[in-house]
Amino acid sequence: MTSLSGHAGAHAVAVAQRYGVTTMFTLSGGHVFPLYDGAVKADPPVRLVDVRHEQTAGFAAEGIARLTRTPGLAVVTAGPGVTNSVSAVTGAWFNGAPVVVLGGRAPDYLWGKGALQELDHVPLLAPVTKRAWTEHTVAGVAGSVDEAFRLALTPHRGPVFCDFPLEAIFGAETVDLPPDAGRIPAAAPPEADDVAAVATLLRAARRPVLVLGSDVWLGGAETAARECAEALSLPVITNGQARGVLPRGHSLLVTRARSLALAEADLVIVVGVPLDFRLKYGSFGPKDGSAKVVHVADSPAGVAAHAPLAASAAGDLTAFFTAITDAWGTQLAGDPDWLPRLQATARASAEADAPLLASDADPIHPMRVYGELLKLLADDAVVIGDGGDFVSFAGRLVEPAQPGRWLDPGPYGCLGTGLGYAIAGRLAHPSAQIALMLGDGAAGLSLMDVDTLVRHNLPVVMIVGNNSAWALEKEPMRAIYGYDVAADLRPNTRYDEVVRALGGAGELVTKPEQLAPALDRAFASSSPYLINVITDVSAAYPRTTTGV
């Protein structure tokens, strides 16, 4: 049995390190000083990354969790420190990201008397966490932190919150390290009968489609998923962090033919993503006969209850794919024209983009930005989307070569994630290209944290599509009412100058021919670098949800 000495903050850090935590994201607050002291004096020390808004601490912790599949840790002070983090915690909840948020809390001995930042945080966090509670004793801190990490990492993964009154976290005594700290119980495999039911549906299908979502990556099932698709010759649509499970150019990857695939399939197997608005709430197939739907989740609670399912399974996703491959390990005998039709549609969709990717339009068409960027991205690049209109193009055009290299806000759709995700990207992949695609609206929610990038020597490339509007709201409001309000931003704002003022570098781009040289300079820079591209607000393109 290992004993932990010193104050409870040191106990908490020691437990976090057992779960692979190497970085603590925070914004300075006196209620959590012992956690900082524990991080600095740990052996080895835990890196402290202090940010300019607690939402960035939460988004950075979520980014680490989603990129590395190890838990992210955010530490926030009492009162506004906690409330400022709520949107980030909610995003992690929707994305199934294993994040632990440890909070400060006003002292118990003064509770009810109006102490500084006295607020019961737990009811605020309970609806958007797997568990939220207060640990009131010094002796209980290590055990509570262990429980928080264990819960966050157990499928279905998600955020956990625990806060500590001052006398608990500042208190000191010797306690025992929880005996199983750092050990996560193995996920149970799906029921054999459930797998057999899915295999039976596959045998009978003529036009099957496999949809892969983020939990395939987060659950470490990407290799098994690819091997299953290849063994059965299944057309695949990827979503969220499953992008790259089949790399761009793979013959089975038909995400660009998504509409046709989901409209004409007779069997849709959805694995690792909810049947939400991104997937038509689970309603697929032709109008004269809906497709049979299979939903597979990493835990029973994740299986859709709102959609009629032909079959379902819950459990370890690697085990599911392996079992399906073993049960039906040869190419399916479906419609021989199905995959070629989808492949042809995907090629035609990509070919139709070519003129806009090379457009010389002035103002710059957003597609031209991506046309230049795609030429420069390495296979291990991390691409981050934070925005609406401008980032919707990324959702259609950016197809990673590797899984786990794409981040966006996910189904909660909270803007302002970008700088936190970029911090996480650089820490998780020190030598990779980190490209943050920002709408100008989203930039206003987090750009001050360029200061964090500069102070902590975290160079990333930021590209702002500056169309001076909340474009995803402007166009629909005009369509509904014939006019728009509250949808315009100041024209041609110099976001690049903001970044330079904060110690980074950047430039303004107003002509298409300036894009390629600007990108070269940005990726060669050793500083955070922002390219401020003045784009055409009227540029229209069919919107998709493939990037969400």
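Worth saying up front: this structure is predicted, and the values here are computed from it rather than measured. (Residues numbered from 1 in each chain as written. Predicted model: local features only at pLDDT ≥ 70, side-chain atom pairs only at ≥ 80, totals over all residues. Heavy atoms only, no water.)

**Q** Which parts of the structure should I look at to understand the packing of aromatic side chains?
**A** To describe a pair of aromatic rings, one takes the distance between the centres and the angle between the planes. Under the defined criterion, the tally for this structure stands at seven aromatic pairs. With 4.9 Å between their ring centres and 25° between their planes, Phe-94 and Tyr-412 make a pair best called stacked. Note that Phe-94 is positioned in helix 5 (residues 86-95) and Tyr-412 in the loop between strand 15 (406-407) and helix 17 (418-428), a separation of 318 residues in sequence. On the numbers, 5.2 Å between centres and 35° between planes, the contact of Tyr-370 with Phe-390 is tilted. With Tyr-370 in helix 15 (residues 366-376) and Phe-390 in helix 16 (residues 389-397), this pair connects stretches of sequence that are 20 residues apart. A residue is classified by how much of its surface remains accessible, and Tyr-370, at 0% relative accessible area, is buried. The class of Phe-390 is buried, set by a relative accessible area of 3%. Of note, Arg-105 hangs over the ring of Trp-111, and the distance from its end group to the ring centre comes to 4.1 Å. (Phe/Tyr/Trp six-rings, centres within 6.5 Å; stacked < 30°, edge-to-face > 60°. Helix = DSSP H or I, 4+ residues; strand = E, 2+ residues; numbered from the N terminus. Buried < 20%, exposed > 50% of the residue type's maximum accessible area, 1.4 Å probe, protein only. Lys NZ or Arg CZ within 6 Å of the ring centre and 35° of its normal.)

**Q** What is the right way to look at the sheet that holds strand 15 in this model?
**A** Across a sheet, paired strands are connected by hydrogen bonds in the backbone, their directions being either parallel or antiparallel. Overall, parallel pairing links the six strands, which are arranged 15-14-16-17-19-18 in an open sheet. The sheet is open, and its two borders are formed by strand 15 and strand 18 (505-509), each paired with just one other strand. As paired elements, strand 17 (residues 461-466) and strand 19 (residues 529-534) share six bridges and run parallel to each other. Along strand 19, the bridge assignment pairs Met-462 with Leu-530. Lying over the sheet, helix 16 contacts strand 14 (382-386), strand 15, strand 16 (434-439) and strand 17, oriented at roughly 135° with respect to strand 16. Running over the sheet, helix 22 (residues 515-524) touches strand 16, strand 17, strand 18 and strand 19 and is turned about 165° from strand 19. (Pairing = 2+ DSSP bridges. Contact = heavy atoms within 4.5 Å. Axes fitted to C-alpha atoms, helices over the stretch in contact; angles between N-to-C directions.)

**Q** What am I meant to see in empty space enclosed by the protein here?
**A** Sizing a probe to match a water molecule and rolling it over the atoms shows the empty space that remains. Scanning all chains against the criterion turns up two cavities of 30 Å³ or more. Of the voids in this model, the largest cavity is the one considered here, and its volume is about 50 Å³. Looking at the largest cavity, the residues that line it are Pro-155, Arg-157, Ala-187, Gly-219, Asp-298, Gly-315, Asp-316 and Leu-317. Quantified by volume, the second largest cavity comes out at close to 40 Å³. In terms of lining, the second largest cavity is formed by Leu-202, Leu-210, Cys-228, Leu-234, Ile-269, Phe-321 and Ile-324. Per-class residue counts for the lining of the second largest cavity are seven nonpolar, no polar and no charged. (1 Å grid on protein atoms, 1.4 Å probe; cavity = no way out; pocket = protein on both sides within 12 Å on 5 of 7 lines; lining within 4 Å. Points joined across faces, edges and corners; volume = space filled by probe spheres on them. Nonpolar A, V, L, I, M, F, W, Y, C, P; charged D, E, K, R; others polar.)

Interpretation note: all reported values are geometric properties and have no functional meaning in isolation.
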